[in-house]
Amino acid sequence: MTTVTTANGADGAPGARHARHARHARDAAGASRGTDPAAERLRRWRLVLGGEGGGDGTGCALGGTDAAMDRTLEALYGSAPGSGQGAGAGPGGGRRAAGLGGSAPQIARWLGDIRTYFPTSVVQVMQRDAIDRLGLSAMLLEPEMLEAVEADVHLVGTLLSLNKVMPETTKETARAVVRKVVEDLEKRLTTRTRATLAGALDRSARVSRPRHRDIDWDRTIRANLKNYLPEYRTVVPERLIGYGRAAQSVKKEVVLCIDQSGSMAASVVYASVFGAVLASMRSLDTRLVVFDTAVVDLTDQLSDPVDVLFGTQLGGGTDINRALAYCQSRITRPAETVVVLISDLYEGGIRNEMLKRVAAMKASGVRFVTLLALSDEGAPAYDRDHAAALAALGAPAFACTPDLFPDVMAAAIEKRPLPVPESFAPHGGSGAAS
């Protein structure tokens, strides 16, 4: 449901909550409690629509837990009493300050209430909306407030954007919050990433005289099909193809080049965690570079992704060409290098020079991948012209979830087609890109 039509026929009528969060409210209110189905339907619509008294024409009054839940939603998404304006609207037609005011104790109580009535996934969405709609960023500079919130990737992004103005009394608490999120992400992502890339590295380190246990039988058979003997129904393997043990030495170089403009906050968090995981693999030489209009090499901090994150500065401009120039200058073995640019491609530098630089890297043998986002946030906003131009150079541009990232890196290391999501086929081929 994207539009709510009430009894008066007006879309987005006074008191109607943001549709996505209204749906969360309805679902979190629980399934039918054995009451009349029509009454239960009205109760759920009342929670969806909000409003005073009869609930925007539903005629349904709330009590008990439902009433308390409704008050927590009204504080964030409701209209000012008697304003006659939509949710979030203020007297001048802009956003209003809703019902939490500027009181830290009151906001802390509200944060506790939403954890009481809603599951963690919904709590994180509501916290994010409270920060955006009610201007609570300043409150996050207080240690007591940080201890009250539910930590997630989006909260980390907000804290990083406040890093430069954060008082010393808050920084340790902020680091503890960020570390908790980072550790949770590492637990979720590390094992699969290492397993996927270890296999890719082994397969990419092919040798012409492999030991028996290192023979790549699939490739060996395909390479010797011309030697098939029908009478014996067998293939004579004149040439063996195998893969060596990549763990013995560095086989591949990876450069993560990360846009730290404000819109890329979640991507910066995930990329920093992945950078630390890749750096922990002896078979990879990993470099991590962040940029806005300046370029910062954070490779020496990759042992701790929290240090990497606090070394970033979210919210600056964007000069992709300058960042790629730096990365290009650090490449020593182009044919064994994967460069991953993580950016929405809104270039503030020299567009043509950026494209020429990508073309030059690819011509030298570099495998170049552009991720428009590295997050779970869905389809991102990005510069479509630049994405199409990169795709035309054979450098696919697409959004990537954290769960897909190990597969993308494995494909890049093995120099096989990338698993591009179908929704980005116009910028990378039909479902995969080479």
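This text follows the structure it describes.
Parameters at a glance
- Residues numbered from 1 in each chain as written.
- Predicted model: local features only at pLDDT ≥ 70, side-chain atom pairs only at ≥ 80, totals over all residues.
- Heavy atoms only, no water.
- Helix = DSSP H or I, 4+ residues; strand = E, 2+ residues; numbered from the N terminus.
- Buried < 20%, exposed > 50% of the residue type's maximum accessible area, 1.4 Å probe, protein only.
- Contact = heavy atoms within 4.5 Å.
- Areas by Shrake-Rupley, 256 points an atom, 1.4 Å probe, with all protein chains shown as cover.
- 1 Å grid on protein atoms, 1.4 Å probe; cavity = no way out; pocket = protein on both sides within 12 Å on 5 of 7 lines; lining within 4 Å.
- Points joined across faces, edges and corners; volume = space filled by probe spheres on them.
- Nonpolar A, V, L, I, M, F, W, Y, C, P; charged D, E, K, R; others polar.
- Disulfide = S-S within 2.5 Å.
- Pairing = 2+ DSSP bridges.
- Axes fitted to C-alpha atoms, helices over the stretch in contact; angles between N-to-C directions.
- Salt bridge = Lys/Arg side-chain N within 4 Å of Asp/Glu carboxyl O.
- Right-handed = clockwise from strand over helix to strand, strands pointing away.
- Core = buried A, V, L, I, M, F, W, Y, C linked by side-chain atoms within 4.5 Å.

**Digging into the overall build of the protein chain**
If you tally the helices and strands in the protein chain, you get 15 helices and ten strands. Evaluated residue by residue, the protein chain yields a buried proportion of 50% over its 434 residues. Look at the contacts in the protein chain between residues 6 or more apart in sequence, and 70% of them connect residues 24 or more apart. Accessible area of the protein chain: about 19700 Å², with a carbon and sulfur share of 51%.

**Some remarks on the layout of surface pockets**
In this structure, the largest pocket occupies an estimated 750 Å³ of space. Considering the residues around the largest pocket, the lining is formed by 31 residues, among which R128, V153, H154, A266 and E377 are closest to the centre. Listing elements by their share of the lining of the largest pocket, those giving two or more residues are α5 (120–134), α7 (153–161), α8 (168–204) and α10 (265–279). The greatest single-element share of the lining of the largest pocket, amounting to seven residues, is contributed by α5. Of the residues in the lining of the largest pocket, the class split is eleven nonpolar, eleven polar and nine charged.

**Examining the state of the cysteines**
Counted according to the given criterion, the structure contains zero disulfides. Here C257 stays unpaired: no disulfide links it, and the sulfur of C327, its closest cysteine neighbor, is 3.7 Å away. On the accessibility criterion, C257 (0% relative accessible area) is buried. The class for C327 is buried, based on a relative accessible area of 1%.

**Re the sheet that holds strand β8 (residues 337–342)**
Taken in spatial order, the six strands of this open sheet run β7-β6-β5-β8-β9-β10, and their pairing is mixed. At either end of the open sheet lies a strand with only one pairing partner, and these are β7 (295–297) and β10 (397–400). Taking the axes of each pair of neighbouring strands and ignoring which way they run, one obtains an average angle of 25° across the sheet. Note: β8 against strand β9 (residues 367–374), five bridges, orientation parallel. Note on β9: the bridge partner recorded for V339 is F368. Along the sheet, helix α12 (residues 320–329) contacts β5 (252–259), β6 (284–291), β7, β8 and β9; its crossing angle with β6, the most-contacted strand, is approximately 155°.

**Description of α7**
Among the nine residues that make up α7, seven are buried, leaving the element largely enclosed by the rest of the structure. Every buried residue belonging to α7 is among V153, L155, V156, G157, T158, L159 and L160, and all of these are buried.

**Quick look at empty space enclosed by the protein**
Counted under the stated rule, the structure contains two cavities of 30 Å³ or more. Computed from the structure, the second largest cavity encloses a volume of approximately 40 Å³. Looking at the second largest cavity, the residues that line it are K252, A335, E336, T337, V338, G365, R367, A412, I413 and K415. Of the residues contributing to the lining of the second largest cavity, the split by class is four nonpolar, two polar and four charged.

**Thoughts on the pattern of salt bridges**
When the charged atoms of two side chains with opposite charge come close together, those side chains can pair. One pass over the structure, following the stated rule, counts twelve salt bridges. A salt bridge links D304 to R179; its shortest N-O distance comes to 3.0 Å. Of the two residues, D304 is situated in the loop between β7 and α11 (305–310) and R179 in helix α8; the sequence distance between them amounts to 125 residues. Among the charged side chains, a salt-bridge network with shared partners connects R188, D376 and D403.

**A short note on unusual backbone geometry**
With phi around 70°, L345 is a residue other than glycine that occupies positive phi space. Inspection of the secondary structure puts L345 in the loop between β8 and α13 (351–363). A relative accessible area of 0% means that L345 is categorised as buried.

**A look at the pairing of β9**
Of all the eight residues making up β9, eight are buried; the element is thus mostly covered by neighbouring parts of the structure. A crossover links β8 with its parallel partner β9, the connecting element being α13, and its sense is right-handed. Pairing of β9 with β10, which is carried by four bridges, proceeds in the parallel orientation. Residue pairing for β10: T370 is matched across the bridge by A397. Handedness of the crossover joining β9 and β10 through helix α14 (residues 384–392): right-handed.

**Remarks on the nonpolar core**
Among soluble globular proteins, nonpolar side chains are generally buried collectively. Core analysis: the largest hydrophobic core is formed by 82 residues, its most contacted members being M126, L140 and L159. Take this core: its biggest share by element is ten residues, from α8. Not counting residues within four places of it along the chain, the set of residues in contact with M126 comprises T72, L73, L76, Y77, W110, I114 and F118. Counting 25 residues, the second-largest nonpolar core is a separate cluster that includes F291, C327, M354 and V366.

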